[in-house]
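# Summary of structural features
These are the residues of each chain, in order.
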Amino acid sequence: MYETIRSQILSVIAEITANPKPTYSIDGQSIKWNEYLAQLQKSVDWCNENIEKESAPIEIVSTAR
């Protein structure tokens, strides 16, 4: 699941960086592309952390009775 999310976000990042746009305001709404790109990168980092957690080895300790 996290791999799919990361892949989709990376596609968006590639598209944004291939055709960069300036920050602008229209009708009182601000579009801040640098902040959007930073948020996407945080999402990629989050995915990477979760992928790493899922692939970490698990140790189970048990005792016989």
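Residues numbered from 1 in each chain as written. Predicted model: local features only at pLDDT ≥ 70, side-chain atom pairs only at ≥ 80, totals over all residues. Heavy atoms only, no water.

The next subject is the packing of aromatic side chains. Under the definition given, this model contains two aromatic pairs. Relative to Trp 46, the ring of Tyr 2 has its centre 5.3 Å away and its plane inclined at 80°; by these criteria the two rings are edge-to-face. Of this pair, Tyr 2 sits in helix α1 (residues 2-18) while Trp 46 sits in helix α2 (residues 33-55), placing them 44 residues apart in sequence. Of the residues examined, Trp 46 reaches a relative accessible area of 43% and is grouped as partly exposed. Note on Trp 33 and Tyr 36: the rings are 5.8 Å apart at their centroids and 75° apart in plane angle, and the pair reads as edge-to-face. Residue Trp 33 and its partner Tyr 36 are both found in helix α2; the two are separated by three residues, about one turn of the helix. (Phe/Tyr/Trp six-rings, centres within 6.5 Å; stacked < 30°, edge-to-face > 60°. Helix = DSSP H or I, 4+ residues; strand = E, 2+ residues; numbered from the N terminus. Buried < 20%, exposed > 50% of the residue type's maximum accessible area, 1.4 Å probe, protein only.)

Next up on the list: α1. Since the α-helix turns once every 3.6 residues, residues separated by three or four places project in the same direction. Between its terminal C-alpha atoms α1 stretches 24 Å, which fits the 24 Å expected from 17 residues at 1.5 Å a residue. As for α1, its buried residues are in contact with α2. (Expected span 1.5 Å × (residues − 1). Contact = heavy atoms within 4.5 Å.)

With that settled, the discussion passes to α2. Taking 1.5 Å of rise per residue, 23 residues should cover 33 Å, and α2 covers 33 Å from first to last C-alpha, within 8% of that figure. Along α2, the residues classified as buried are Trp 33, Leu 40, Val 44, Cys 47, Asn 50 and Ile 51. Next to the buried residues of α2 lie α1, β1 (24-26) and β2 (29-31).

Our next topic: unusual backbone geometry. Backbone geometry at Asp 27 places phi at a positive 50°, although glycine is not the residue there. Relative to the helices and strands, Asp 27 is located in the loop between β1 and β2. You can call Asp 27 exposed: its relative accessible area is 83%.

Before going further, it helps to examine the environment of Leu 37. With respect to the helices and strands, Leu 37 occurs in helix α2. Sequence spacing of Leu 37 and Val 12 is 25 residues, and the spatial spacing of their C-alpha atoms is 9.1 Å. Look past the residues within four positions of Leu 37 in its chain and what remains in contact with it is Ile 13 and Thr 17.

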